[in-house]
Amino acid sequence: MLHRRLLTSLDSASPLMLVEAVYGSGTRSALRQWEERGGHRDGELRMLFDARRLPVEPRAIVQLLWSALRHRISYDLPDLPQDDAQLRGAVVRALQDVRRPMTLAIHEAEQLSARGLAVLLPLLDGGVRLVVAGYDLGHLRAEVQARGIYYSTLDDRDVWLDRTEMHRLLAERGVELSAEALTSLHRATLGHPGAVLASLASMPVEVEAGLVTRDRALAAFLVDQPLLGRTGRFARFFRRAAHLPRFTVEDAEALSDGGDALADLRRLHDLGMGSMVWHPGMRRRVFRWTESIRQVVLRAISASPGEKDDAADRVVDIARATGDRELLMSMHLAAGEIDEAEELLSEWIWDLLPNAMTPLWTPLIRISPLALVERPALLAARLRLGADRRRSPVSVRAAQQALVLRLSAPGAGTPWARSGALAYALALALHIGDREQMIEIFTRARALVADLVASEAVEAIGGREVSELLFLADTAFRSGNTIPAAEIARFAVQVMEVDPQRLDPLGERLDFARRLILHDHRARGLEDVFDASVLLAGTQFLRHDCDIVVAGMALMWEALDEGRFEDADAHLRAASDRLAVPELWPILQHMRAHLAILRRAMEEFEGYVRAYELSTLAVPGPFAQGAHSQIQRVADFLSRHAGRPVPSPGYLPVTPMPGQPFYPRTEFTVHLMEALYAVREDRVPAARTALADAAALTARRRLGLYPLAHATSEELRALREIAEDVPGGERLRLDQAHAIAGALNRPTLEISGREREVLDHLRRGATNPQMAKAMFVSVNTVKFHRANLMRKLGASNRDELLHEASVRGL
């Protein structure tokens, strides 16, 4: 029996049961089975009616019911009274006299009129159970709640098939799938019978191979189903909501015609259309569609005949009322209102650029970059979307033409307008891949911004100009030039702190600029100038790509300075996972390559180096931002391991801050290495001098000891003894360097895949039996791999094994 769970649920003792499920769920078939097999109560009488075939007049409905009862039972029912006022009482008394369990089921109940509902609900007083099934029962639920009638509900997921039932359905059609293919099909269809059969009919090969996806299964089902053309409140809500890639509860209320918006949202979620997520910019939870599914629904809506909906107008009204500029931008683009979209984006260029909310920009992807040459804001957004992120010929040609326009009239407009034009020009030059042009543009832009901030022109700055400043800093950081990005961020902070309410209305700009500065200070070994516990709290809620990377890099430097290489890489990995194309961020790939060496993950190293070389515009040679920069040393370090010259990421010019060392981290590294070389040559006074110079630098910031990864334990012990006689030597924390000492000199340890699995389980505290169960092997096999690990790492117990594995970067 196919719907075993549903049939059992229908035998509930609840006097009124509502079964609300989308079409194709097999509800009608299940109700027919339920009617035919009889009830669990002695002599229960079951009758099923289609609401579409019920008469309109209440008396006619009662007469139909009365006629059906007379044919099904031997009890002699009385004739119905002619007076309609007496009809209800007479029916209730007659049903009570029957003294036989009775259940009445109504299918397609959304077609039931209010008058018909008024006839059926009083039957409950006569001891009749009601089962009411349909696609959209919101109106009936509201009526029942208003009358205070107790009821239970079965929803979509209760009606759909589990894996066992789905296997039975396929077996009835002579189809036998592997366990993996069955699981894949169930995941794609959620067990919806109609989607299962539609997938089987339209793509049998993919079904057998386990390659069916959620969007393709839905598309196959919607080809022949009237799901989106149905009338009813939820159907209208469904169609309207599909025009919004994401929306709030307030938006849902505006779309739901005064219905239960929360119930509608919950149902969309249960149908697998999307999920509720936190939106950092709006500071609230929103429902976000799975974009591939939304596109299927939109195609089905456009292909469905029926009433003309006012969804687009409603969405625009909602966006304007709530100040949702992302949504308003999307609707302008969808409606072909390009000029309106350009004006809006120009005012909020950094705030609105495509990030995690890419689905809102789907209409822009359909526009060729060449059509946006004279609209720099939309072109800047378009170049961050789709395949054009990788410099397609069309996008490069569009960027070249737009760049000429931006630079052709340098004297036009106000000084701040010229600054904004240069910000767009830098983004265009980056996309083109013109390094020399970027250097020239940034040099002009930085000088102009510095003059404006120091002059009376700063009084004329507004929100638009601040957004363009951050766009300039964002572009510089994307190109791998972190120090120039921080320079622009300092100008932005300087002007925003004067009037943050006006210049940072969304509360994101100032924190982003401060994070850029915080990262710059940490990268160069300077003290934190802002409260990092505030700026780096809740980084998982950041929504701008650049902000995500900046925060991850700032956290990375802290972990690196503490010798926690795995944690440092974890911060960068977390940032990468949230980016559409992390390989397009040179500084991210550059530092991940460096950490791969320190973690001894050489199998990852080459991938990061190649990704960096493909994304950067830098060329091998002296570092443009300081002759002895730490970044230059990192590049040299990478070059030795890569076996070829690896360029440093920075190439835009920078202006050192007066009264501050340019790169204390570099000086600290140089002094540590000088001390190490002096110890190796038994030059104790020189080692003491170098350690004293290094200790003096730690007054600003506690810097990392990772340069000592080249040292042996004996050399580190000698350095510690010398440091005891150095003023401030305790600040060097050389006692913490034992975990990394000699790490790069140890031979690479080869462990098998199974041994790595055992090591991962041990880290999580698993026992041998637990590991055996998780790995689908015997306990003796687990003991074998564990013994091999102990032997290879020279450990005698679990704690030693985990410690040695951590030291070796395993």
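The structure displayed is predicted, hence computed values, not measured ones.

Reading the values: the criteria
- Residues numbered from 1 in each chain as written.
- Predicted model: local features only at pLDDT ≥ 70, side-chain atom pairs only at ≥ 80, totals over all residues.
- Heavy atoms only, no water.
- Helix = DSSP H or I, 4+ residues; strand = E, 2+ residues; numbered from the N terminus.
- Buried < 20%, exposed > 50% of the residue type's maximum accessible area, 1.4 Å probe, protein only.
- Contact = heavy atoms within 4.5 Å.
- Areas by Shrake-Rupley, 256 points an atom, 1.4 Å probe, with all protein chains shown as cover.
- Pairing = 2+ DSSP bridges.
- Axes fitted to C-alpha atoms, helices over the stretch in contact; angles between N-to-C directions.
- Parallel < 35°, antiparallel > 145°, perpendicular 65-115°, else oblique.
- Nonpolar A, V, L, I, M, F, W, Y, C, P; charged D, E, K, R; others polar.
- Salt bridge = Lys/Arg side-chain N within 4 Å of Asp/Glu carboxyl O.
- Phe/Tyr/Trp six-rings, centres within 6.5 Å; stacked < 30°, edge-to-face > 60°.
- pLDDT = per-residue confidence, 0-100.
- Left-handed = near helix turned anticlockwise from the far one by under 90°.
- Arc of directions from axis to C-beta.
- Core = buried A, V, L, I, M, F, W, Y, C linked by side-chain atoms within 4.5 Å.
- Polar contact = N/O pair within 3.5 Å; in protein donor to acceptor, adjacent residues only side chain to side chain.

Asks: So what exactly am I meant to see when it comes to the overall build of the protein chain here?
Replies: Assigned secondary structure in the protein chain consists of 42 helices and eight strands. Considering the protein chain as a whole, with its 810 residues, one finds that 56% of them fall into the buried category. Long-range pairs, those at least 24 residues apart, make up 71% of the contacts in the protein chain with a sequence separation of at least 6. Working note: accessible area of the protein chain is about 34500 Å², and carbon and sulfur atoms make up 52% of it.

Asks: Just to check I follow, could you spell out unusual backbone geometry for this structure?
Replies: Excluding glycine, residues mostly have negative phi values, and the peptide bonds linking residues are mostly trans. The phi angle at leucine 190 is positive, at roughly 60°, despite the residue not being glycine. With respect to the helices and strands, leucine 190 occurs in the loop between α9 (179-189) and α10 (193-202). You can call leucine 190 buried: its relative accessible area is 18%. Even without being a glycine, aspartate 682 presents a positive backbone phi close to 60°. Relative to the assigned elements, aspartate 682 resides in the loop between α36 (664-680) and α37 (684-697).

Asks: Please explain the sheet that holds strand β7 (residues 274-279) as it appears in this structure.
Replies: In any sheet, the strands associate via hydrogen bonds between backbone groups, in a parallel or an antiparallel arrangement. Across the sheet, three strands lie side by side as β6-β8-β7; this open sheet has antiparallel pairing. Looking along the sheet, the strands with just one partner apiece sit at the ends: β6 (246-247) and β7. Pairing between β7 and strand β8 (residues 284-289): six bridges, direction antiparallel. If you follow histidine 279 over to β8, its bridge partner there is arginine 284.

Asks: I would appreciate a short explanation of the packing of helix α31 (residues 545-561) against helix α32 (residues 565-577) in the present structure.
Replies: Pairs of packed helices are described in terms of their axes, by the angle between the two and the distance that separates them. Interhelical geometry of α31 versus α32 gives an angle of 175° and a closest axis separation of 8 Å. As the angle between them shows, α31 and α32 are arranged roughly antiparallel. Contact with α31, carried on its side by Ile548, Val549, Gly552, Met553, Leu555, Met556, Ala559 and Leu560, involves Phe565, Asp567, Ala568, His571, Leu572 and Ala575 of α32 and no other residues of that element. When its residues are assigned to classes, the contact of α31 with α32 shows 11 nonpolar, two polar and one charged.

Asks: How should I be thinking about the pairing of strand β1 (residues 16-20) in this particular structure?
Replies: Regular strands place side chains that alternate from one sheet face to the opposite one. Among the five residues of β1, five are classified as buried, and the element is accordingly described as predominantly covered. Taken together, the five bridges between β1 and strand β4 (residues 128-134) define a ladder with parallel strand orientation. Of the residues in β4, the one forming a bridge with glutamate 20 is glycine 134. With three bridges connecting them, β1 and strand β5 (residues 152-154) associate as parallel partners. Paired with methionine 17 across the bridge in β5 is serine 152.

Asks: Would you mind showing me how to read the pattern of salt bridges here?
Replies: For side chains of opposite charge, pairing can occur when their charged atoms come near one another. Under the criterion given, the structure shown has 50 salt bridges. Aspartate 324 is paired through a salt bridge with arginine 246; the nearest N and O atoms lie 2.6 Å apart. Note that aspartate 324 is positioned in the loop between α17 (311-322) and α18 (325-334) and arginine 246 in strand β6, a separation of 78 residues in sequence. Residue classification places aspartate 324 among the buried positions, given a relative accessible area of 5%. What emerges from the salt-bridge pattern is a single network uniting Glu566, Asp569, Arg573, Arg592, Arg599 and Glu604.

Asks: Got a minute to help me understand the packing of aromatic side chains in this structure?
Replies: Two aromatic rings are characterised by how far apart their centres lie and by the angle between their planes. Taken as a whole, this structure holds 10 aromatic pairs when the rule is applied. When the centroid spacing of 6.0 Å and the interplanar angle of 65° are considered together, the rings of tyrosine 135 and phenylalanine 234 count as edge-to-face. Of this pair, tyrosine 135 sits in the loop between β4 and α6 (138-147) while phenylalanine 234 sits in helix α13 (residues 233-241), and the two are 99 residues apart along the sequence. In this pair, the class of tyrosine 135 matches that of phenylalanine 234, namely buried. Considering the side-chain rings of tryptophan 350 and phenylalanine 512, the 4.7 Å spacing of their centres and the 20° angle between planes classify their relative orientation as stacked. Of the two residues, tryptophan 350 sits in helix α20 (residues 349-352) while phenylalanine 512 sits in helix α29 (residues 509-524), which places them 162 residues apart along the sequence. You can call tryptophan 350 buried: its relative accessible area is 1%.

Asks: How should the pairing of β8 be read in this particular structure?
Replies: Relative to β8, β6 runs antiparallel, the two sharing two bridges. Within the sheet, the bridge partner assigned to arginine 246 lies in β8 and is arginine 288.

Asks: Whenever I open this one, the confidence of the model for the protein chain confuses me. Can you help?
Replies: Caution applies to low-pLDDT regions: their predicted coordinates should not be interpreted in detail. Summing up the model confidence of the protein chain, the mean pLDDT is 84 and the portion of residues at 70 or higher is 90%. Here residues 625-630 is modelled with pLDDT under 50, and outside its nearest four sequence neighbours on either side it reaches 18 contacts, counting other chains as well.

Asks: So what exactly am I meant to see when it comes to the environment of leucine 430 here?
Replies: Following the sequence through the fold, leucine 430 ends up in helix α24 (residues 415-432). Residues leucine 430 and arginine 478, spaced 48 residues apart in sequence, show a C-alpha to C-alpha distance of 8.9 Å. If we skip the residues at most four places from it in the chain, leucine 430 touches Arg391, Met438, Thr475, Arg478, Ser479, Leu617 and Tyr651.

Asks: I would appreciate a short explanation of the packing of α29 against α31 in the present structure.
Replies: Put simply, α29 and α31 touch, their axes get as near as 9 Å, and they point 30° apart. Judged by the sense of rotation from one axis to the other, the crossing of α29 with α31 is left-handed. Here α29 contributes Phe512, Arg515, Leu516, His519, Arg522 and Ala523 to the contact with α31, which in turn contributes Cys546, Asp547, Val550, Ala551, Met553, Ala554, Leu555, Trp557 and Glu558.

Asks: I tried to follow the side chain of threonine 475 on my own but got confused; where do I start?
Replies: For threonine 475, the location among the structural elements is in helix α26 (residues 463-478). Aside from chain neighbours lying at most four places away, what touches threonine 475 is Leu426, Ala427 and Leu430.

Asks: Help me understand helix α2 (residues 27-37) in this model?
Replies: The α-helix winds at 3.6 residues per turn, so residues separated by three or four positions along the chain end up facing the same way. Buried within α2 we find Thr27, Ala30, Leu31 and Trp34. Each buried residue of α2 sits inside an arc of 100° when the element is viewed along its axis, so together they form one side. In the core, the buried residues of α2 are packed alongside α1 (4-10), β1, β2 (45-50), β3 (102-107), β4 and α7 (156-159).

Asks: So what exactly am I meant to see when it comes to the sheet that holds β4 here?
Replies: Spatially, five strands are ordered β2-β3-β4-β1-β5 in an open sheet, and the strand pairing comes out parallel. Lying at the two open borders of the sheet, with one neighbouring strand each, are β2 and β5. When strand polarity is set aside, the average angle formed by the axes of neighbouring strands in this sheet is 15°. Sheet topology note: the β2/β3 ladder contains six bridges and is parallel. Counted as the bridge partner of methionine 47 is leucine 104 from β3. The strands touched by α2 are β1, β2, β3 and β4; relative to β2, the strand with the most contacts, the crossing angle is about 150°. Contacts between helix α3 (residues 58-72) and the sheet are confined to β2 and β3, with β2 contributing the most and set at about 140° to the helix.

Asks: What am I meant to see in the nonpolar core here?
Replies: The nonpolar side chains of soluble globular proteins are, as a tendency, buried together. One finds Leu10, Phe247, Leu268, Met273, Trp289 and Trp361 to be the most contacted residues of the largest nonpolar core, which totals 179 residues. Here this core takes 11 residues from α24, the largest share from any one element. Counting residues in each nonpolar core, the second largest holds 39 residues, with Ile73, Met102, Leu112 and Leu123 among its members.

Asks: Hey, could you run me through the environment of glutamate 755 in this one?
Replies: With respect to the helices and strands, glutamate 755 occurs in helix α39 (residues 753-763). Residues glutamate 755 and phenylalanine 784, spaced 29 residues apart in sequence, show a C-alpha to C-alpha distance of 9.3 Å. Setting aside its immediate chain neighbours within four residues, glutamate 755 contacts His785, Asn788, Leu789 and Lys792. For glutamate 755, the side chain forms a polar contact with the main-chain nitrogen of serine 752, separated by 2.9 Å.

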